[in-house]
Amino acid sequence: MDIPKLMKYFDYMSNVYCWIGGGGLRSVYDGLKTKDIDFFVTCKEDFEKSVDHFLSNGMSLVREMDILYRFKRSDGFDIDLFCKEEGCTPERSVILSDYTMCACAIDRYGNIFHHPDFLKDTLSKKLVYLGNEINKSMAKSRPNRLNRFLKIGYDISKEELIKVTDRMVKDKVPLIKDHWKPTIQDFDVHVRYNYHNYNLR
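Quick caveat, the model's predicted, so the values are computed rather than measured.

Asker: Give a description of helix α3 (residues 44-56) that names residues and reports values.
Answerer: For α3, built from 13 residues, the straight-helix expectation of 18 Å at 1.5 Å per residue is met to within 8% by its first-to-last C-alpha distance of 18 Å. Its buried side turned inward, α3 meets β2 (36-41), β4 (68-72) and β5 (78-82).

This is the structure in structure tokens:
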């Protein structure tokens, strides 16, 4: 995947402000193949417009979750549509990430948003845990996501692994008793506002 090819995926979206996050942009830098594209929008109104747009263009809705719908194109390619929270922005979306290598976004105008260590950790395929899961489904999926990232070639240090497992232990009872709440740690999001300059290196 390269940036010009990634930008073409915006042609599938409705005419709303949106951005691509996660594996789509990360694949530009780690060289791994992505099997889907994650689109994010700012509000429920834009989410509903995009759902109608996808359905009217022949995509199938195959999964509904609290903050995302998954669509499948006729060629089998998946598109995930997210609305993380009302009034969300690319900067906020980057903050609401579990690992630095996931903390990235590119909007439909070519502006790139990322964690300060996104590029370094992605190029070295290193997992650094941020712990900014926004909902229970993300919190519950920590083991699955860690397993998936390890299987695609990312490594994690003992210290970072302890951070992940400590959070799992801490959140086990609140998740079971349904009184879990997210713990969000803010950080400075780096932004590149140049449409024609996609190189972060």
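Asker: Kindly report on the packing of helix α7 (residues 142-151) against helix α8 (residues 158-176), identifying the contributing residues and their values.
Answerer: At a minimum axis separation of 11 Å, α7 and α8 run at an interaxial angle of 160 degrees. With respect to α8, the axis of α7 lies roughly antiparallel. Helix-helix and strand crossings are classified by hand; for α7 and α8 the assignment is left-handed. Counted together, Arg-142, Pro-143 and Leu-146 of α7 and Leu-161, Val-164, Arg-167, Met-168 and Asp-171 of α8 form the full contact between these two elements.

Asker: I'd like to hear about the environment of Val-189, residue by residue, with values.
Answerer: Along the polypeptide, Val-189 turns up in the loop between α8 and β10 (190-192). Between the C-alpha atoms of Val-189 and His-115, which are 74 residues apart in sequence, the distance is 5.3 Å. In contact with Val-189, not counting residues within four places along its chain, are Glu-91, Val-94, Ile-95, Phe-113 and His-114.

Asker: Provide a residue-level description of the side chain of Ser-93, including the pertinent values.
Answerer: Counting through the fold element by element, Ser-93 comes out in helix α4 (residues 90-95). Exposure remark for Ser-93: the relative accessible area of 4% places this residue in the buried category. What Ser-93 contacts, discounting residues up to four positions off in sequence, is Trp-19, Phe-40, Lys-84 and Cys-88.

Asker: Which residues make up the nonpolar core, and what values go with them?
Answerer: Counting residues in hydrophobic clusters, the biggest one holds 29 residues, and the most contacted among them are Leu-6, Leu-25, Phe-39 and Leu-81. For this core, the secondary-structure elements that each account for two or more residues are α1 (3-7), β1 (18-21), α2 (23-30), β2, α3, β5, β6 (104-107) and α5 (118-123). With residues near it in sequence (within four places) discarded, Phe-39 still touches Tyr-9, Phe-10, Met-13, Cys-18, Trp-19, Ile-20, Phe-54, Ile-79, Asp-80, Leu-81 and Phe-82. With 17 residues, the next largest nonpolar core counts Leu-68, Leu-130, Phe-187 and Val-189 among its residues.

Cut-offs and rules
- Residues numbered from 1 in each chain as written.
- Predicted model: local features only at pLDDT ≥ 70, side-chain atom pairs only at ≥ 80, totals over all residues.
- Heavy atoms only, no water.
- Helix = DSSP H or I, 4+ residues; strand = E, 2+ residues; numbered from the N terminus.
- Expected span 1.5 Å × (residues − 1).
- Contact = heavy atoms within 4.5 Å.
- Axes fitted to C-alpha atoms, helices over the stretch in contact; angles between N-to-C directions.
- Parallel < 35°, antiparallel > 145°, perpendicular 65-115°, else oblique.
- Left-handed = near helix turned anticlockwise from the far one by under 90°.
- Buried < 20%, exposed > 50% of the residue type's maximum accessible area, 1.4 Å probe, protein only.
- Core = buried A, V, L, I, M, F, W, Y, C linked by side-chain atoms within 4.5 Å.

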